[in-house]
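As a plain string of letters, each chain reads:
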Amino acid sequence: MNPEHHIKKETAHKLARYALFAFIVTFVLARVFVFMIMARMMPNLYFFADGIHVHHLNYGIFLLAAVGGYSVFRRPTGRHAEITALMYGVAMGLTFDEFGMWLHLGGSYWQRASVDAVIVVAALFGLVGFARNLRKFEQKHLWSFIILLVVLIDFGAVIFMAGNRLGDMMGPTLHNLEAASSP
């Protein structure tokens, strides 16, 4: 096995962990700020252009474009690669936090699809960041993987059903908060 190949794989795992960390922190902070603004617990930090609310998914899209361009044209290594991975995680968090708006442009911020998308992206970052090298995948790992997959599918089903029920219960209240925070 080529030793350089092994080092690159470990670096990819480390960078994925950086991106996962930034992704989760950004998602949580974005949701906390939005809830606090809507509950009037902090000043309205939303940016408006001619009375139109510029959602934070737009900041994420521009940051994704910048990080992608930097990654392609500069090919960062070392500390620069780690910072790039962190910025990528921030951009993904900002963008996927409002994933529901991708599907329904005029829709509510609180669409269930946004939370589902964040869970899927975080799981993918986690898989890349913590998965074993496929060449080292042994029979005993296969059974662990199958059990984990079944548990995750069941967990996803429970979250989906509970999320829909919670959305039905909390949706009108959140919609009223959202409407009240608009200029």
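Along each chain, residues carry numbers from 1 onward, in the same order as the chain's sequence is written. With the structure being a predicted model, the display of local features is reserved for residues of pLDDT at least 70 and the display and counting of side-chain atom pairs for 80 or more, all residues being used for whole-chain, interface and lining totals. Side-chain calculation: all heavy atoms of the structure are included, whereas hydrogens and water are not.

Enquirer: Talk me through the pattern of salt bridges; I want residue IDs and the actual numbers.
Expert: The term salt bridge refers to a side-chain nitrogen of Lys or Arg lying within 4 Å of a carboxyl oxygen of Asp or Glu. Throughout the structure, instances matching the rule amount to two salt bridges. A salt bridge links glutamate 82 to lysine 14; the shortest N-O distance between them is 2.8 Å. On the criterion of sequence distance, the pair formed by glutamate 82 in helix 3 (residues 78–97) and lysine 14 in helix 1 (residues 3–38) is long-range, its members being 68 residues apart. Summary of the burial criterion: residues with accessible area below 20% of their type's maximum are buried, those above 50% are exposed, and those between are partly exposed, where the area comes from a 1.4 Å probe applied to protein chains only. What makes glutamate 82 buried here is its relative accessible area of 12%. Residue class for lysine 14 comes out partly exposed when judged on its relative accessible area of 34%. Across the pair glutamate 82 and arginine 79 runs a salt bridge, and its minimum N-O distance is 2.9 Å. Of this pair, glutamate 82 and arginine 79 both sit in helix 3, separated by three residues, roughly a single helical turn. In this text, helices come from DSSP runs of H or I with a minimum length of four residues, and strands from runs of E with a minimum of two, each type numbered from the N-terminal end.

Enquirer: Describe unusual backbone geometry, naming the residues involved and giving the relevant values.
Expert: Even without being glycine, aspartate 50 reaches a positive phi, approximately 50°. The topology assignment puts aspartate 50 in the loop between strand 1 (47–49) and strand 2 (52–54). On the accessibility criterion, aspartate 50 (82% relative accessible area) is exposed. For arginine 75, which is not glycine, the phi torsion reads 45° and is therefore positive. Along the chain, arginine 75 turns up in the loop between helix 2 (56–74) and helix 3. By relative accessible area, arginine 75 is classed as exposed at 64%.

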